[in-house]
Every structure is written in C-alpha cells, then in structure tokens.
Amino acid sequence: MKINSRKAMVLAGAAVAAMGIMTGCSGSTTETTTAAETTEEAAAEDLSGSISMVGSTSMEKFANAISESFMQKYPKVTVTAEFVGSGAGVEAANNGTADIGNASRNLTDEEKANGVVENIVAIDGIAVVVDPANTVEDLTKDQLAGIYKGEITNWNEVGGEDAPIVVVGRESGSGTRSAFEELLEIQDACKYSNELDSTGAVMAKIASTPGAIGYVSLDVLDDTVKALKLEGSEPTEENIKAGSYFLSRPFVMATKGEISEQNDLVKALFDYIQSPEGTEIIKSVGLITVD
C-alpha cells in the first residue's frame, strides 16, 4: 500500500507540473498576441504626416476608398487625392509635386526613362456602354473600331435599329481614352461627337442620349446604362482573367523611383494596399486584384 501511495503522490506531482507548464504556455501565447497588437498600435501612433496623390479620374473610387481606410488605421496620416487625368498624375510624380501619380494605363517608355516606376495595384476592365433602350447586345472588335473611326455611323449597320450613332469619349490625356484607343489600335483615328472630361460625365451623357455609345471603367457600371458584350464576352472579372474580354487595363500608382526608395508613409500605404485589408478594398470597388 505504501508503494501504491508513493506512486500516487508522484503521479499527482507530475500532473500538477504539467498543468503549470500548460498554463505557462497559454500565458506566453496571450502575451505574444498582446505584444504584437501593442506593436501595431504603436506603429499606427508613430506614423504621421501627409501623402499626396494626383491623377486618373477613373481611379477616384479606388483612391478614395483606400485613402479613407488607411487614414482610419493611421489616424495621424492625411491622404489627399486630386483627380485631373493620368498624364497629369504621372507628371506630378515625375516633378515631385505629388508623392504618387495615379494612372489608369501602362506608363510610356519615355515616362519610365525619366525614372518614374510603374506600380500596378489593380486591374480594371473598360466597359462599352450604350443607352438602355439600344437593342444591340454584342459588337465585334472590328465593329467597335469602325464605330469610333467614323466608318460605321448607323446602328442598323451592326444589327440595331435605324438610328445615328453618337460617339462619346474622354478628353485627350485621359488614361481611359489612351487605353481604349491602344487596345483597339485606333490612336489618332477617332471621330468623336463628344469629348468629356470625367467618367461621370460620360455615364450621364450615355444615359440621357439615344443612340450614344461610350466607354467607362468597369467599376462604375450601374443600371442607368447598358454594357455591351464584346466578341460574345461580357465585361466581368472572370472573363477578363480568362482573357476572353479584351478591353482591360492596369491601375498604376506611379512613384519617382522604386517603392523602397520612398518615405515611410508612402511605403506604409503600398504595404497596406497589398495586405488582406487592401485586397478586400480592391474587390469591393469592382476591381481585379493583381496576383
């Protein structure tokens, strides 16, 4: 009995020791988690100053969403954004009047030669839109190019009703216009009835003008206009990633020099865009994430 009693005491002691170890481990995990949260909070408190962005009107929805969320995370940081067109944005990044130049197109070789770096943060589809009453559902690439070059002037030439086509586009210098014309290979060949200075203006014009056709970013589509299929493919994220919808372009946040050469605020913003939080914002505004 004494032997059994001694065994019981040893086992009980081992159990107590094991519980102590487990308690210690649990406390360590909690302390580690708390330390990580404290470090993140401290970083948010330490980061202060301002970031300026200038550029594409097509990137307004994305830029505003990412800026607001970033400022909530870092309350002492102010992000300002001005929407004046892609060309002006890249120039602002190049000459140092803005930290970031937003461009809804790829940078040109000349821009890159000046030391401006192309940082692609998302992919945007370009939707071709008409007024909701238009009976046309689908256009081929050649038909779309023909319309914008002024070779096709009536909707009955592409299967629609007998009505003149009102060709609407963006102003010279617009990233959306540059991307649209480059993808169709119709640079300097377009015959516009109206050249408008913002995405919102194009949407309003198409919605209110019978026979009008225009192009806008995929993320601004709503039921005030009708988006056409192109080559039988609808303007969706799945079709763009699959390569069946050909009108898509990058959203670029250009910097003078690599991201690693920027100040701490700008580097923190790019880190945030690439984080799970940033990825969710990209998706929430209708854009496609970059793999």
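Residues numbered from 1 in each chain as written. Predicted model: local features only at pLDDT ≥ 70, side-chain atom pairs only at ≥ 80, totals over all residues. Heavy atoms only, no water.

1. Things to note about the packing of helix α9 (residues 264–274) against helix α10 (residues 276–284)
No. 1: The geometry of α9 relative to α10 is characterised by a closest axis approach of 4 Å and an angle of 70° between their N-to-C directions. Taken together, the axis directions place α9 and α10 in an arrangement best described as roughly perpendicular. On the side of α9, the interface is formed by Y272, I273 and Q274, while α10 contributes P276, E277, G278, T279, I281 and I282.
No. 2: Residue classes in the contact of α9 with α10 are distributed as 5 nonpolar, 3 polar and 1 charged. (Axes fitted to C-alpha atoms, helices over the stretch in contact; angles between N-to-C directions. Helix = DSSP H or I, 4+ residues; strand = E, 2+ residues; numbered from the N terminus. Parallel < 35°, antiparallel > 145°, perpendicular 65-115°, else oblique. Contact = heavy atoms within 4.5 Å. Nonpolar A, V, L, I, M, F, W, Y, C, P; charged D, E, K, R; others polar.)

2. Section: the side chain of S67
No. 1: Structurally, S67 can be placed in helix α2 (residues 60–73).
No. 2: Leave out the neighbours within four places in its chain, and S67 touches M53 and V79.

3. Some words on the layout of surface pockets
No. 1: Estimated volume of the largest pocket: approximately 220 Å³.
No. 2: In terms of lining residues, the largest pocket is bounded by 13 residues, among which S172, G173, S174, R177 and S178 are the most central.
No. 3: The space that makes up the second largest pocket amounts to roughly 190 Å³.
No. 4: Around the second largest pocket sit N119, I120, V121, I259, F270, I273, Q274, T279, I282, T289, V290 and D291, which together line it.
No. 5: Within the residue set of the lining of the second largest pocket, elements represented by two or more residues are β5 (120–130), α9 and α10.
No. 6: Examining the composition of the lining of the second largest pocket, we find that 3 residues originate from one element, α9, more than from any other. (1 Å grid on protein atoms, 1.4 Å probe; cavity = no way out; pocket = protein on both sides within 12 Å on 5 of 7 lines; lining within 4 Å. Points joined across faces, edges and corners; volume = space filled by probe spheres on them.)

4. Some remarks on the environment of A268
No. 1: Among the structural elements, A268 can be located in helix α9.
No. 2: Linking A268 and Y74, residues 194 residues apart in sequence, is a C-alpha distance of 9.8 Å.
No. 3: Ignoring sequence-local partners within four residues, the contact set of A268 consists of L47 and F70.

5. Focus on the nonpolar core
No. 1: Within the largest apolar cluster, 40 residues are counted, with the highest numbers of intra-cluster contacts made by L139, L144, I147, Y148, F180 and I213.
No. 2: Secondary structure elements with two or more residues in this core: β5, α5 (141–148), β7 (166–170), α6 (175–184), α7 (199–208) and β9 (212–217).
No. 3: The element best represented in this core is β5, accounting for 5 residues.
No. 4: Residue contacts for L144: discarding those within four places in its chain leaves V128, L139, F180, L184, I213, L230 and L247.
No. 5: Among the nonpolar cores identified, the runner-up in size contains 28 residues, and L47, M53, F62 and V285 belong to it. (Core = buried A, V, L, I, M, F, W, Y, C linked by side-chain atoms within 4.5 Å. Buried < 20%, exposed > 50% of the residue type's maximum accessible area, 1.4 Å probe, protein only.)

6. Some words on the packing of α5 against α6
No. 1: Relative to each other, α5 and α6 sit at 125°, their axes nearing to 10 Å. Taken together, the axis directions place α5 and α6 in an arrangement best described as oblique. Every pair of crossing elements has a handedness; the one defined by α5 and α6 is left-handed. Across the interface between the two elements, K141, L144, A145 and Y148 of α5 pack against F180, L183 and L184 of α6. (Left-handed = near helix turned anticlockwise from the far one by under 90°.)

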